[in-house]
Amino acid sequence: MAKMDTKTNKSEKPVEERLRALYNLQKVMSEVDKIRTLRGELPLEVQDLEDEVEGLETRINNLNSEIKNLTNNIQDKKNGIKESDLLIKKYESQQSSVRNNREFESLNKEIEYQNLEKELCKKRIKEFENEMKTKQEAVASSDELLKERQSDLESKKKELENIVADTQDDEEKLKQKGKEIEKDIDQRLLTAFKRIRKNARNGLAVVTVERNACGGCFNKIPPQRQLDIQSRKKVIVCEYCGRILVDSEL
């Protein structure tokens, strides 16, 4: 027979009282579960939206930072073009006072080099501008999406706040009532209750025997075990689902 160790000292309450306390605690916690079910997926939806908003804000900040770097790069290349123009004028001026063809050709190569530098700078400027345009478009679309998500978040938060406001008092009263009931349950049994409840479907750790079957998993319970449950002398758990079983008259 599946049962829990119920060896007790003299200070412990009779098994029947502890079973009654467990069943009452289950009823209270089931009411808390119902309140939380009313909130549905809203808390998760709010969390998801908060994460998405944070991600979009980070993306926009990163894009703006990249755009700023591209702007600086474009300005650097424009400054490079100006420097090349000044050098070209300088070399052209020097060509008029050279002493031989060798010096003239040397200055001519410097002029060609600076012209190549200018073309390279113009090419890089065009690349930077195209990249910046792409990032600016990404910022614009991200900004639009961010506004939508912020609006959704505000709406969901208000919806959640209204539901919480309507149910918070009831939930707190039930939780307080549950804590009072827990005082009548020894720690070992309470720990077992919480463990079973955490793993059980619908949070049901304590169930009644209904139509000769477990009220949790609906497997049939042998007649002798039902008599043991009705005697309330032992804490008996379902051998199939592990829930604590009590008789319906408790």
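Residues numbered from 1 in each chain as written. Predicted model: local features only at pLDDT ≥ 70, side-chain atom pairs only at ≥ 80, totals over all residues. Heavy atoms only, no water.

An unreviewed UniProt entry lists the protein under the name C4-type zinc ribbon domain-containing protein, with Marinilabilia rubra given as the organism.

Moving on: the UniProt feature "domain: C4-type zinc ribbon" (unreviewed entry) in the protein. Mapped onto the present numbering, the UniProt feature "domain: C4-type zinc ribbon" (unreviewed entry) falls on residues 213–245. In residues 213–245, the share of helix is 27% and the share of strand is 18%. The end C-alpha atoms are 10 Å apart. (UniProt positions renumbered as here; feature names shortened; annotations may be inferred. Helix = DSSP H or I, 4+ residues; strand = E, 2+ residues; numbered from the N terminus.)

A word on the pairing of strand β1 (residues 206–210). Counting buried positions along β1 yields 4 of 5 residues, so the element is predominantly enclosed. Relative to strand β2 (residues 213–214), β1 runs antiparallel, the two being bridged by 2 bridges. Within β2, the residue paired with V209 across the bridge is C214. (Buried < 20%, exposed > 50% of the residue type's maximum accessible area, 1.4 Å probe, protein only. Pairing = 2+ DSSP bridges.)

Pairing is mixed in the open sheet, where 4 strands are placed in the order β2-β1-β4-β3. At either margin of the open sheet sits one strand with a lone partner, and together these are β2 and β3 (236–237). Summarising the sheet, β3 and strand β4 (residues 244–246) pair through 2 bridges and their orientation is antiparallel. Paired with I236 across the strands is L245, a residue of β4.

Even without being glycine, N212 reaches a positive phi, approximately 65°. Mapped onto the elements of the fold, N212 is located in the loop between β1 and β2. Even without a glycine there, the phi angle at R232 is positive, about 55°.

Right, let's get into the packing of helix α2 (residues 42–95) against helix α3 (residues 101–182). Two numbers describe how α2 lies on α3: the axes approach to 6 Å, and their chain directions differ by 165°. Classified by the angle between their axes, α2 and α3 sit roughly antiparallel to one another. At the point where α2 passes α3, the crossing takes the left-handed sense. Here the residues of the contact of α2 with α3 are counted per class, giving 29 nonpolar, 13 polar and 24 charged. (Axes fitted to C-alpha atoms, helices over the stretch in contact; angles between N-to-C directions. Parallel < 35°, antiparallel > 145°, perpendicular 65-115°, else oblique. Left-handed = near helix turned anticlockwise from the far one by under 90°. Nonpolar A, V, L, I, M, F, W, Y, C, P; charged D, E, K, R; others polar.)

This brings us to the nonpolar core. Residues L19, L22, L25, I185, F193 and I244 are the most contacted members of the largest nonpolar core, which totals 23 residues. Elements with a contribution of two residues or more to this core: α1 (15–39), α3, α4 (187–199) and β4. The element that contributes the greatest number of residues to this core is α1, accounting for 9 residues. When sequence neighbours within four positions are dropped, the list of residues in contact with I185 reads A21, L22, L25 and L190. Judged by nonpolar contacts, the second largest core, of 20 residues, contains I60, I74, I81 and L146. (Core = buried A, V, L, I, M, F, W, Y, C linked by side-chain atoms within 4.5 Å. Contact = heavy atoms within 4.5 Å.)

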